[in-house]
Amino acid sequence: MESAVESGIELRKALRAFANKDNRLAYASLLGNLAVYAAAVVVSVIAVDRGLWLVAGPAVIVLAFAGVRLYVLQHDLGHLSLFETRRQNEVWGHVVSPFTMAAYRQMRHNHNLHHAYVGDLDARETTEINTMTLREWTRSGFWKRLYYRLYRHPLVLIPVGSFYTYFIAYRWPKNAARVGLGAILAHNAALIVYFAALYAFAGWAGVLTVALAIWIGGMLGVFLVYLQHNFEGTWWDRRPELDPSRAAIQGGSCLDFGWWFDEAVANITKHDIHHLVASIPSYRLRAAHRELEKTHDLRRIGFREALHAFSLKLWDEDAEALVPFPKNPARKPATAHAA
């Protein structure tokens with residue numbers, strides 16, 4: 001097999017064959033997702049209200065996954081990659097935003113910035129997860145190190161990160177006013193209407209049940225977002241040496257948790273080729289990945305390796321590897337070249 005990193009141009013050409021949109025598949029994916037989401041809301045809220053906890057628990061989990069999947073589809077809409085026309089993508093992007101908790105225009109703007117600067121150590125503010133370099137860590141004082149240790153700890157990053165992102169940060173996200181003040185105000189107004197409807201339907205039981213599902217789904221989202229670019233063997237660099245194709249393929253992960261998980265999260269697990277050609281719709285990503293694996297070395301990350309990735313905290317520019325915190329703060333950790 002030829003190296004996927006060395007064949008970036010060829011890979012892009014091959015992947016564009018999978019970039020054609022199909023409204024039938026798009027509507028089946030989106031409307032099916034909305035139907036599951038709505039059913040899960042009704043079942044979970046009624047079950048909680050009546051104390052049917054054996055029903056409520058699974059229903060809340062289904063609702064959490066449905067919310068995550070809907071967010072991934074909204075992300076596709078932001079790339080104009082789900083439906084055949086720009087108008088269809090933008091209209092549906094706004095329609096689903098109250099259920100994803102993310103204002104469509106701001107989400108689209110910030111995520112496209114992330115794509116433009118993926119793997120760029122000089123533009124890490126465009127990434128969802130902050131990563132310090134080993135040199136920055138060595139120069140940092142006690143309080144900055146303590147903050148970063150807490151921030152990167154999974155028991156803080158995932159549950160606290162979920163609550164902060166969805167319930168606080170997304171109410172006024174980065175570039176909110178720059179992208180459109182009216183858009184973010186309309187989005188937050190729509191959220192008020194949505195939760196008011198839940199309250200009218202089932203009181204605080206309805207509001208808190210859906211909020212719990214959003215928080216659980218948010219934890220799954222943070223887990224996935226972390227693994228998209230933080231894993232052993234990932235790659236970062238500085239311009240002008242930065243190779244966008246290498247940053248996409250080697251710097252983006254392909255999670256191998258089973259086909260059912262791929263479907264549950266709309267194939268966002270195939271993040272390597274998504275970064276290489278963002279116009280591929282989510283309903284074609286798995287097929288594209290499977291086909292290209294016949295001729296290209298596309299790496300897959302299993303669940304055990306994914307858990308190990310949470311022990312990696314700092315980017316070592318000399319070793320070109322993501323490494324754990326150094327045991328001796330005065331020394332660099334011994335690392336193997338993971339690229």
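Any details on the confidence of the model for the protein? Residues and values, ideally.
Here the protein averages 92 in pLDDT, and 95% of its residues register 70 or above. Note that residues 1-6 has pLDDT below 50 and, in this model, 15 contacts with residues that lie over four places away or in other chains. Note on residues 331-339: pLDDT is under 50 here. Beyond four places in sequence and across chains, it has 20 contacts.

Go over helix H9 (residues 159-168) with me, naming the residues and quoting the values.
Listed in full, the buried residues belonging to H9 are Gly-161, Ser-162 and Tyr-166. Looking straight down H9, one finds its buried side chains confined to an arc of 100°; they lie on one side. Elements in contact with the buried residues of H9: helix H3 (53-78), helix H4 (86-100), helix H8 (154-157) and helix H10 (176-229).

I'd like to hear about the pattern of salt bridges, residue by residue, with values.
Taken as a whole, this structure holds 17 salt bridges when the rule is applied. Between Glu-317 and Arg-135 there is a salt bridge whose closest N-O contact spans 3.5 Å. Of the two residues, Glu-317 sits in the loop between strand S2 (314-316) and strand S3 (321-323) while Arg-135 sits in helix H6 (residues 134-139), which places them 182 residues apart along the sequence. The class for Arg-135 is partly exposed, based on a relative accessible area of 40%. In this structure, Glu-317 and Arg-238 form a salt bridge, with 2.9 Å as the shortest nitrogen-oxygen distance. Highlighted residues: Glu-317 in the loop between S2 and S3 and Arg-238 in the loop between H10 and helix H11 (244-249), separated in sequence by 79 residues. Residues joined by salt bridges that share partners form a network here, namely Asp-122, Arg-135, Arg-238, Glu-317 and Asp-318.

I'd like to hear about helix H2 (residues 23-49), residue by residue, with values.
If you check H2, its first and last C-alpha atoms are 38 Å apart, about what 27 residues at 1.5 Å a residue would give, namely 39 Å. Among all positions of H2, only Asn-23, Ala-26, Ser-29, Leu-30, Asn-33, Leu-34, Tyr-37, Ala-40, Val-41, Ser-44, Val-45 and Ala-47 are buried. Elements in contact with the buried residues of H2: H3, H4, H10 and helix H14 (282-292). If you check the start of H2, you find a side-chain oxygen 2.9 Å away from the backbone N of Arg-24, and it comes from Asp-22. Looking one or two places after H2, you find Gly-51, whose phi comes out positive at around 75°.

Got a sec to walk through the environment of Leu-157? Specific residues and values, please.
You can see Leu-157 is positioned in helix H8. What makes Leu-157 buried here is its relative accessible area of 6%. Note: C-alpha distance between Leu-157 and Ile-129 (28 residues apart in sequence) is 9.1 Å. Setting aside chain neighbours within four positions, we find Leu-157 in contact with Ile-129, Tyr-151, Arg-152, Ser-162, Val-222, Tyr-226 and Phe-310.

Tell me about the nonpolar core, and please be specific about residues and values.
Counting 56 residues, the largest nonpolar core has Leu-30, Phe-195, Val-210, Leu-224 and Leu-227 as its most contacted members. Breaking this core down by element, the ones donating at least two residues are H2, H3, H4, helix H5 (104-116), H10 and helix H15 (303-309). A total of 16 residues in this core trace back to one element, the largest contributor, which is H10. For Leu-30, the residues in contact, after removing those within four places along its chain, are Leu-70, Leu-73, Leu-82, Phe-83, Trp-92 and Val-96. Counting residues in hydrophobic clusters, the runner-up holds 14 residues, among them Ile-273, Ile-280, Leu-285 and Leu-298.

Which residues make up the environment of Trp-235, and what values do they have?
Of note, Trp-235 is situated in the loop between H10 and H11. Separated by 80 residues in sequence, Trp-235 and Trp-315 have C-alpha atoms that sit 8.9 Å apart. Sequence-distant contacts of Trp-235, defined by excluding residues within four places in its chain, comprise Gly-119, Leu-242, Asp-243, Arg-246, Ala-247, Gln-250, Gly-251, Trp-315 and Glu-320.

Let's hear about a nonpolar patch on the surface: which residues, and what values?
Taken together, the side chains of Phe-163, Tyr-164, Ile-168, Leu-212 and Trp-215 define a hydrophobic patch exposed on the protein surface, amounting to about 480 Å² of accessible area. Elements with a contribution of two residues or more to the nonpolar patch: H9 and H10. Among the elements that line the nonpolar patch, the one with the most residues is H9, at three residues. Along the polypeptide, Leu-212 turns up in helix H10.

Please set out the side chain of Arg-69 residue by residue, giving values where relevant.
One can find Arg-69 in helix H3. Given a relative accessible area of 12%, Arg-69 falls into the buried group. Excluding residues that lie within four positions of it along the chain, Arg-69 makes contacts with Ser-29, Asn-33, Glu-263, Ala-264, Val-265 and Ala-266.

Would you mind going over the side chain of Thr-127 in detail, with residue names and values included?
Within the element layout of this structure, Thr-127 appears in the loop between H5 and strand S1 (132-133). For Thr-127, a relative accessible area of 15% gives the class buried. Separated by 2.6 Å, the side chain of Thr-127 and the backbone oxygen of Arg-124 make a polar contact. Separated by 3.1 Å, the side chain of Thr-127 and the backbone oxygen of Ile-129 make a polar contact.

Rules and cut-offs
Residues numbered from 1 in each chain as written. Predicted model: local features only at pLDDT ≥ 70, side-chain atom pairs only at ≥ 80, totals over all residues. Heavy atoms only, no water. pLDDT = per-residue confidence, 0-100. Contact = heavy atoms within 4.5 Å. Buried < 20%, exposed > 50% of the residue type's maximum accessible area, 1.4 Å probe, protein only. Helix = DSSP H or I, 4+ residues; strand = E, 2+ residues; numbered from the N terminus. Arc of directions from axis to C-beta. Salt bridge = Lys/Arg side-chain N within 4 Å of Asp/Glu carboxyl O. Expected span 1.5 Å × (residues − 1). Polar contact = N/O pair within 3.5 Å; in protein donor to acceptor, adjacent residues only side chain to side chain. Core = buried A, V, L, I, M, F, W, Y, C linked by side-chain atoms within 4.5 Å. Patch = residues over 30% accessible without salt bridge, like charges linked within 9 Å, V, L, I, M, F, W, Y side chains within 5 Å. Areas by Shrake-Rupley, 256 points an atom, 1.4 Å probe, with all protein chains shown as cover.

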